Amino acid sequence: MNDVLVIDDFLDQSELNQINDHLIDKVPWIFVDDTGISKGRYRTLGHSRQLDKCELIDPEINLIIKVQEFNDLNPDIFDEKFDFHTIYYNAIRYGDKFKYHTDGTGPTFLIYCNKDWRWWYGGGTKIKGYGTVKPKPGRLVIFPGNIKHKPCPMSFLTQTHARFSIALQSNKTTTP
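Okay, so let's go over this structure. (Residues numbered from 1 in each chain as written. Predicted model: local features only at pLDDT ≥ 70, side-chain atom pairs only at ≥ 80, totals over all residues. Heavy atoms only, no water.)

1. A short note on the environment of L56
Mapped onto the secondary structure, L56 falls in the loop between β3 (44–50) and α2 (58–73). Considered as a pair, L56 and I87 are 31 residues apart in the sequence and their alpha carbons are 10.0 Å apart. Not counting chain neighbours up to four residues away, the residues in contact with L56 comprise R49, L51, I61 and I64. (Helix = DSSP H or I, 4+ residues; strand = E, 2+ residues; numbered from the N terminus. Contact = heavy atoms within 4.5 Å.)

Put into structure tokens, the structure is as follows:
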């Protein structure tokens with residue numbers, strides 16, 4: 001995979017409702033920097049889970065199954081096999097600052113999870129060499145995880161909102 005794919009309505013309203021309930025009630029948000037570690041000058045709310053070291057919960061299982069079904073229905077998109085290694089929850093807020101980072105050697109599946117979003121809120125994802133993808137409820141963005149990317153600043157109009165997203169990060173599989 002060498003391109004950026006944007007798929008609208010990947011999640012329907014009931015799936016967004018389920019994920020939002022999970023994001024608001026169950027995710028143990030902590031301050032992390034762009035590397036997922038609680039250090040550094042610029043930190044935002046996030047939470048990561050290493051998939052080989054934790055027991056998955058229903059919303060995560062459902063999301064991974066849905067992404068795998070998408071992959072099965074579109075076998076020509078990915079030129080190499082990959083395994084998910086991390087699920088990363090993001091709560092991007094007004095005033096947060098970001099540096100470019102990468103996610104892994106396989107594709108990243110970024111899903112915008114807000115039930116409602118206005119274009120003037122900002123908070124897109126800037127992908128080097130591609131441009132900026134705007135958030136939209138239920139939108140899936142797939143891009144090579146080794147391409148540098150970062151969240152864009154949020155508008156001052158969002159001081160009471162956060163832009164929620166979930167990134168499924170992967171590495172290329174080393175075995176055939």
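Once the structure has been displayed, the description carries forward.
2. Topic: the nonpolar core
Counting 26 residues, the largest nonpolar core has L23, F84, F109, I111 and I166 as its most contacted members. If you list the elements that add at least two residues to this core, you get α1 (13–25), α2, β4 (82–93), β5 (107–112), β8 (140–144) and β10 (162–172). Considering every element that reaches this core, the biggest residue donor is β4, with five residues. Each residue touching I166, except ones within four places of it in the same chain, is listed here: I19, L23, L63, I87, Y88, Y89, F109, L110, I111 and C113. (Core = buried A, V, L, I, M, F, W, Y, C linked by side-chain atoms within 4.5 Å. Buried < 20%, exposed > 50% of the residue type's maximum accessible area, 1.4 Å probe, protein only.)

3. Here we look at the side chain of T125
Turning to its location among the elements, T125 is positioned in strand β6 (residues 125–127). Among the polar contacts listed, one links the side chain of T125 to the side chain of Y112, at a separation of 2.6 Å. For T125, the contacting residues outside a window of four places in its chain are L110, Y112, G131, T132, V133, H149, K150, P151, C152 and R163. (Polar contact = N/O pair within 3.5 Å; in protein donor to acceptor, adjacent residues only side chain to side chain.)

4. Examining the sheet that holds β6
Strand order in the open sheet formed by three strands is β7-β6-β9, and the pairing between neighbours is antiparallel. Of all the strands in the sheet, the pair left with one neighbour each is β7 (131–133) and β9 (149–151). Looking at each pair of strands side by side, their axes are set apart by 25 degrees on average, direction ignored. (Pairing = 2+ DSSP bridges. Axes fitted to C-alpha atoms, helices over the stretch in contact; angles between N-to-C directions.)

5. Observations concerning the pairing of β8
Most of β8 sits inside the fold, with five of its five residues counted as buried. Taken together, the three bridges between strand β1 (residues 5–7) and β8 define a ladder with antiparallel strand orientation. Bridged to L5 within β8 is I142. Both β5 and β8 contribute to a ladder of five bridges, which runs antiparallel. Bridged to F109 within β8 is I142.

6. A closer look at α1
Its 13 residues place the ends of α1 18 Å apart at the C-alpha level, agreeing with the 18 Å of an ideal helix rising 1.5 Å per residue. Residues of α1 that are buried include every one of L16, I19, N20, H22 and L23, and no others. All buried residues of α1 lie within an arc of 160 degrees about the axis, which places them on one face of the element. Facing away from the buried side of α1 by over 90 degrees, the exposed positions are I24 and D25. Residues of α1 that are buried make contact with α2, β4, β5 and β10. (Expected span 1.5 Å × (residues − 1). Arc of directions from axis to C-beta.)

7. A few points about a nonpolar patch on the surface
Side chains of Y94, W119, W120, F156 and L157 sit close together on the surface and give an oily, nonpolar patch of about 630 Å² of accessible area. Summarising the element assignment, L157 is placed in the loop between β9 and β10. (Patch = residues over 30% accessible without salt bridge, like charges linked within 9 Å, V, L, I, M, F, W, Y side chains within 5 Å. Areas by Shrake-Rupley, 256 points an atom, 1.4 Å probe, with all protein chains shown as cover. Salt bridge = Lys/Arg side-chain N within 4 Å of Asp/Glu carboxyl O.)

8. As for the pairing of β10
Counting buried residues in β10 gives nine out of eleven residues, a clear majority hidden from the surface. The pairing of β4 with β10 spans eleven bridges and is classified as antiparallel. Looking at the pairing, A91 lines up with F164 of β10. Relative to β10, β5 is paired through four bridges, and the arrangement is antiparallel. Its bridge partner being in β10, I111 is matched across the sheet by I166.

9. Comments concerning the packing of aromatic side chains
Following the criterion strictly, the structure yields nine aromatic pairs and no others. With centroids separated by 5.8 Å and ring planes inclined at 45 degrees, the aromatic side chains of F78 and F109 adopt a geometry described as tilted. With F78 in the loop between α2 and β4 and F109 in strand β5, this pair connects stretches of sequence that are 31 residues apart. F109 shares its class with F78; the two are buried. Site record: aromatic cluster; members linked through ring pairs are F78, F82, F84 and F109. (Phe/Tyr/Trp six-rings, centres within 6.5 Å; stacked < 30°, edge-to-face > 60°.)

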